[in-house]
Amino acid sequence: MAESAEDDVIKISFSEALGKYLTANGIDEKIYEYLESRCSKLEIPEDEGEEQPLDVFAAYKGFTELFEDQFKEFMELVKVESLNEMYERLKEESTSDGQSKAFFERLEASLQYESFCRLVRSFNAANDEEEEEEEEGEG
């Protein structure tokens, strides 16, 4: 029985394909640099129902722009019609694996304001812990 060309193709998940595409374009470094430079001093209210400061919303808009062009290019490559379709496919594929879950959370933050706020809170909390550890080490 002859093998088809399709049998030779290595199939990867949608999230893996997107991850490889974004990684090749340096998105991890861009995210870290953006959070460090633009978000490290933001005060984000814990209660998401509370009125949000304008500087937080402006930071969110800037964060979404990091992804916008890359999402559009990727969507054309894989023939996805909308951001919502892409989000739903990624959500379906997300697993409890720490690395893929963290990746999905960063992507989700680019699509949803509340997720962005959680990402910034986590980033700032990690930075605060790191600074405290450095201070303790010096003292």
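Above: the structure in question.
Residues numbered from 1 in each chain as written. Predicted model: local features only at pLDDT ≥ 70, side-chain atom pairs only at ≥ 80, totals over all residues. Heavy atoms only, no water.

Trainee: I'm lost on the nonpolar core in this one. Help?
Mentor: The nonpolar side chains of a soluble globular protein tend to be buried, and buried together. Ranked by size, the top nonpolar core spans 33 residues in total, and within it Leu18, Leu22, Phe63 and Met86 carry the most contacts. For this core, the secondary-structure elements that each account for two or more residues are helix H1 (14-24), helix H2 (27-39), helix H3 (54-78), helix H4 (83-93), helix H5 (98-111) and helix H6 (113-138). Here this core takes 8 residues from H3, the largest share from any one element. Not counting chain neighbours up to four residues away, the residues in contact with Leu22 comprise Ile27, Phe67, Gln70, Phe71, Phe103 and Leu107. (Core = buried A, V, L, I, M, F, W, Y, C linked by side-chain atoms within 4.5 Å. Buried < 20%, exposed > 50% of the residue type's maximum accessible area, 1.4 Å probe, protein only. Helix = DSSP H or I, 4+ residues; strand = E, 2+ residues; numbered from the N terminus. Contact = heavy atoms within 4.5 Å.)

Trainee: Help me understand the environment of Val120, please; the structure alone is not making it clear to me.
Mentor: Looking at the element boundaries, Val120 is found in helix H6. A relative accessible area of 0% means that Val120 is categorised as buried. In this structure, the C-alpha to C-alpha distance between Val120 and Glu36, residues 84 residues apart in sequence, is 9.6 Å.

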